[in-house]
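What the coordinates show
What follows is each chain in one-letter form.
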Amino acid sequence: MRLDFHVAQFLIDLRDRQPLLFDRVSDIAFASMAAEALACFSEPAVDKKDLAGLEIYLDSPLLLDVLGVNVDYSAYGAELLAMISSSGAQSVVFDDCIVEAESVVSGQLASLRSGNSRASHFGTSAKPHVLSALKSNIGGRASATGINVKQDPQFDLMRRSKDTVGDIQSELTRRMAHWPNEEARTHDERSVWAMLRIRDANNPCTRICDSKAVFVTRNTALARAANDAWRTWLIGAAKQSVNAADRWAPIALSDKQLAGYLWLRSGDGNGQMSRARLQAHCSAAIRPRADVKTRAYNLVLDLHGKSEADHVAALLEDREGERALMRATRADPDDVTPERLPHIIEQVKLAAGEFAAAVAREEGEQKLATQKAESELQLTALKQEHEQQFDGIEL
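Let me begin by describing the structure that accompanies this report. Only a predicted model underlies this, so the values are computations on that prediction, with no experimental measurement involved.

About the thresholds
Residues numbered from 1 in each chain as written. Predicted model: local features only at pLDDT ≥ 70, side-chain atom pairs only at ≥ 80, totals over all residues. Heavy atoms only, no water. Axes fitted to C-alpha atoms, helices over the stretch in contact; angles between N-to-C directions. Helix = DSSP H or I, 4+ residues; strand = E, 2+ residues; numbered from the N terminus. Parallel < 35°, antiparallel > 145°, perpendicular 65-115°, else oblique. Left-handed = near helix turned anticlockwise from the far one by under 90°. Contact = heavy atoms within 4.5 Å. Nonpolar A, V, L, I, M, F, W, Y, C, P; charged D, E, K, R; others polar. Buried < 20%, exposed > 50% of the residue type's maximum accessible area, 1.4 Å probe, protein only. Pairing = 2+ DSSP bridges. Salt bridge = Lys/Arg side-chain N within 4 Å of Asp/Glu carboxyl O.

On to the packing of helix H14 (residues 290-304) against helix H15 (residues 306-316). Two numbers describe how H14 lies on H15: the axes approach to 7 Å, and their chain directions differ by 155°. Judged by the angle between their axes, H14 and H15 are roughly antiparallel. Classified by chirality, the crossing of H15 by H14 is right-handed. Across from Lys293, Tyr297, Val300, Leu301 and His304 in H14, the residues of H15 making contact are Lys306, Glu308, Ala309, Asp310, Val312, Ala313 and Leu316. Residue classes in the contact of H14 with H15 are distributed as seven nonpolar, one polar and four charged.

Given below as structure tokens:
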């Protein structure tokens, strides 16, 4: 059973059918975020709410959220950027992040144009016209939204402690061995090393607000790996004691931790951030999975031939058809069996048919309304012409 899918689907249904209850769940999510912030951060002071001087480096997926590339997370990205801006901190990305984002946009645009659209590990892609506007212009659009672009620092850490660099690289390689692809692993390693070069390891700093730079990512495993690398660097290269290293401000936060931290410092907010984050995660969790669609297509192909399989594939290109497949299979490819296949296909056809019928009805109603408006205008014109003719007759 895919518990993530079931919970996400339940929350999405709750949002659509019982918005008051969904708001209650959102409040609970906000309380969870606030509780984590209270447990993790003890530094906020009422006399220092502004975070001017702190640079918040966004990971590539968060940048794509802000720019509207990840449809599921676009509203959340806008909320996150607004929170950072209102705190006084500066949103920043490394130029390597721009390169990765450009690669994602180009790949998604090529996929959409080929007709083989799919969700990447970043999220569901935006429309072609949005991607076309962003292609080769990620840096410019980032700057336009208030995000600074900075070069990766080039300071050679090997000159300071070759052994510590080797220990950190070995640990990063081990922990990132399951990363989806080589490019993602290389990018994330570069982000960690860049933060190690930026942060001052000589002068003790226990407060995030005084640290001058912090890296933020949705990938909690990456945040933990970065902070463990920072601790190793402090102990091995900067010769800090274990107790002292444990007190230093982290170099990386998850997006949830950042949202909680910003809320805790300002004391403002009504949970809008947690609501946007909750909806984004739910939408991402229930988005169509390629392995389920492939399993359904191949099974129809084996049992009923290519003609029927192509028909099902066309239905699965429809948004409602995809969603029906996820609901009928509970997002589990093992649930697509010969015994359940007739029921699954029936649900897909029904959903796609109902959606098409609804679109047809809406278009018909709009056409009827337009014809009615035109008829009324013609009738009004005829009445006016008749009245003018009547007035011109001399009795």
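Before going further, it helps to examine the pairing of strand E4 (residues 213-217). Burial runs high along E4: five of the five residues are buried. Neither face of E4 is open: one carries Ala213, Phe215 and Thr217, the other Val214 and Val216, and all of them are buried. The pairing of strand E1 (residues 55-58) with E4 spans four bridges and is parallel. Paired with Ile56 across the two strands is Val214, which belongs to E4. Strand direction decides the pairing type here: E4 and strand E5 (residues 252-254), joined by three bridges, are parallel.

Tallied over the entire structure, the rule returns 12 salt bridges. Where Arg218 meets Asp65, a salt bridge forms, and the shortest distance between an N and an O atom there is 2.4 Å. Of this pair, Arg218 sits in the loop between E4 and helix H10 (220-236) while Asp65 sits in helix H3 (residues 60-66), and the two are 153 residues apart along the sequence. Among the ionic pairs, Asp335 bridges to Arg340, the shortest N-O distance being 2.7 Å. Its relative accessible area of 13% is what places Asp335 among the buried residues. Residue Arg340 is classed as partly exposed on the basis of its relative accessible area of 23%.

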